[in-house]
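Inside the fold
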Amino acid sequence: MNKISLSAFTKNYKEVLEKELKKNVEKLNAPSSLKDSMLYSLNAGGKRIRPLLLFATLQAFGKDPLEGLLPAAAIEMIHTYSLIHDDLPSMDDDDLRRGLPTNHKVYGEATAILAGDALLTYSFQMMTYMTKQNIPSEKILTSIGFLAKAAGAEGMVGGQIADIEGESKTLNQRDLEHIHLHKTGKLIEVSILIGAILADAADAELETLKRFAYHLGLAFQIRDDILDLEGDEEVIGKPIGSDMDNHKSTYPKILTMDGAKRELDLHIKQAKGLLAGLNFDRFLLEEITDLIAYRNN
C-alpha cells in the first residue's frame, strides 16, 4: 500500500465522513428544527481526531479505511452530543465553541439538549447499518458493546460526573488522570479498538493498542490544558482560561506548566514506543500522535 501523507489522508476522509454525517441526519423523519440543531454542531468543524484514529487503524492493518465509515460517524455523533451538553449553562456554561455561538445560544437550551439526545441515540442506529456491509454480526455486536461502555457511566459520562464533582477541589495527579481517562480517553480508545476489531487484530495487538490509547488520551488532555492557558483564542475558538474560570484542576495547575509539558512528552514517547512494537504500518498513527501533541487548537 502506497504511503499517504497525514494531510492528504485527513482531507480525504474528513470530507467523506462529513458527507456521511450530513446525509444521515438529513434523511431522518424528524422535525426540521431538531435536524438543524444536530447539523449545526456536526458541521461546526473540528479535527475529527476520533474518526481519523479509526480510519488510520484500519489503514495500519492494510484494510480499507472506509470499512469503518459508519462507526466513525457514530463516534463523531457521540463526541458532538457531549460537546453540546458540556456547553450548557448547567455544565460549563460556554458561549463559544470552535469560534461559533454554542448550540444552546442559537437554538435554546431545550432544543440543544434534545439535539444531543438525538445524536447519542442515532449513533447506535448508525452502528446497526454495518450489517449492510456484510460485516460479521459478532464484530458489530462487540463494537456496539465497546462503544456503549466508552460513552456511558463507565466511560465518558462517568468522567464528566467526576469532573463536575472535582470543581473547586484540589485534586492530585491520579484523580485528574481518572477524570480524563474516562471523559476524554475512552472515546479515543474505542475509536482505535473498533478499527482494530474490524481489521481482525489479534488479542495481543488489541491489548497493545489499548495501552497506546491510554497514553494518547492523556496526552490529548494535557495539551488541551496547556492550550487553555497558552493558546490563541482565535485559533482555539473559545475563551482562554475557561478551566480556571470554572475552578477546574488542570495539569499545569498541579504540575506547573513546565511539568505538564514534560508529562506530555513522556506520554507521547510511550505511545510511540508501543506502536513500534506492532507489526503493521504505523506511519499515520504516529503522525496523528504528533498532531495531538503539538496541535494549536
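Check the entry above for the structure.
Everything in this summary refers to the structure shown in the same document. (Residues numbered from 1 in each chain as written. Predicted model: local features only at pLDDT ≥ 70, side-chain atom pairs only at ≥ 80, totals over all residues. Heavy atoms only, no water.)

1. So, helix α7 (residues 137-151)
What counts here: Note on conventions: DSSP H or I runs of at least 4 residues are helices, E runs of at least 2 residues are strands, and numbering of each starts at the N terminus. In this analysis, the expected span of each helix is defined as 1.5 Å times one less than the number of residues it contains. Whether a residue is buried, partly exposed or exposed follows from its accessible area with a 1.4 Å probe, protein chains only, as a fraction of its type maximum: under 20%, in between, or over 50%, in that order. This arc is built from the directions going out from the helix axis to the C-beta atoms. A contact between two residues is defined here by any heavy atoms of the two lying within 4.5 Å.
Along its 15 residues, α7 runs 21 Å from first to last C-alpha, staying within 8% of the 21 Å computed at 1.5 Å per residue. Restricting attention to buried positions, one finds in α7 the residues Lys139, Ile140, Ser143, Leu147, Ala150 and Ala151. For α7, the angular spread of buried residues about the axis comes to 100°, placing them on one side. The exposed set on the far side of α7, more than 90 degrees from its buried face, consists of Ser137, Glu138, Leu141 and Lys149. Those residues of α7 that are buried are in contact with α4 (69-86), α6 (109-128), α8 (156-165) and α10 (185-198).

2. Concerning the environment of Arg211
Examined against the element boundaries, Arg211 turns out to sit in helix α11 (residues 203-230). For Arg211, a relative accessible area of 45% puts it in the partly exposed group. C-alpha of Arg211 to C-alpha of Glu189: the two residues are 22 residues apart in sequence and 8.8 Å apart in space.

3. As for the side chain of Lys139
Residue position: Lys139 is located in helix α7. Those residues within four positions of Lys139 in sequence are excluded, and the remaining contacts are Ile197, Leu198 and Asp200.

4. Quick look at the nonpolar core
Counted only if it meets this: Among buried residues, the Ala, Val, Leu, Ile, Met, Phe, Trp, Tyr and Cys ones that are joined through side-chain atoms within 4.5 Å form a nonpolar core.
Membership of the largest hydrophobic core comes to 83 residues, with the highest contact counts inside it found for Leu147 and Leu209. The contact partners of Leu147, leaving out residues within four places of it in the chain, are Ala74, Ile75, Ile78, Phe124, Met127, Leu187, Val190 and Ile194.

5. Considerations on the environment of Asp64
Heads up, the condition is: We define a polar contact as two N or O atoms separated by no more than 3.5 Å, with the added condition that, inside protein, one atom must be a possible hydrogen donor and the other a possible acceptor, whereas residues neighbouring each other in sequence contribute only through side-chain atom pairs.
For Asp64, the position within the fold is in the loop between α3 (49-60) and α4. Asp64 gets classed as partly exposed once you look at its relative accessible area, which sits at 38%. Taking the C-alpha atoms as reference points, Asp64 and Ala199, 135 residues apart in sequence, are found 9.0 Å from one another. From its side chain, Asp64 meets the backbone nitrogen of Leu66 in a polar contact 3.0 Å long.

6. Quick notes on the side chain of Asp86
To be explicit about the condition: Charge assignment: positive for Lys and Arg, negative for Asp and Glu; neither His nor the chain ends contribute. Salt bridge, as applied in this entry: a Lys or Arg side-chain nitrogen positioned within 4 Å of an Asp or Glu carboxyl oxygen.
Looking at the secondary structure, you find Asp86 in helix α4. Put simply, Asp86 is tucked away with no salt bridge, and the nearest opposite charge, on Lys183, sits 4.3 Å away. Leave out the neighbours within four places in its chain, and Asp86 touches Met91, Asp92, Asp93, Arg97, Gln160 and Lys183.

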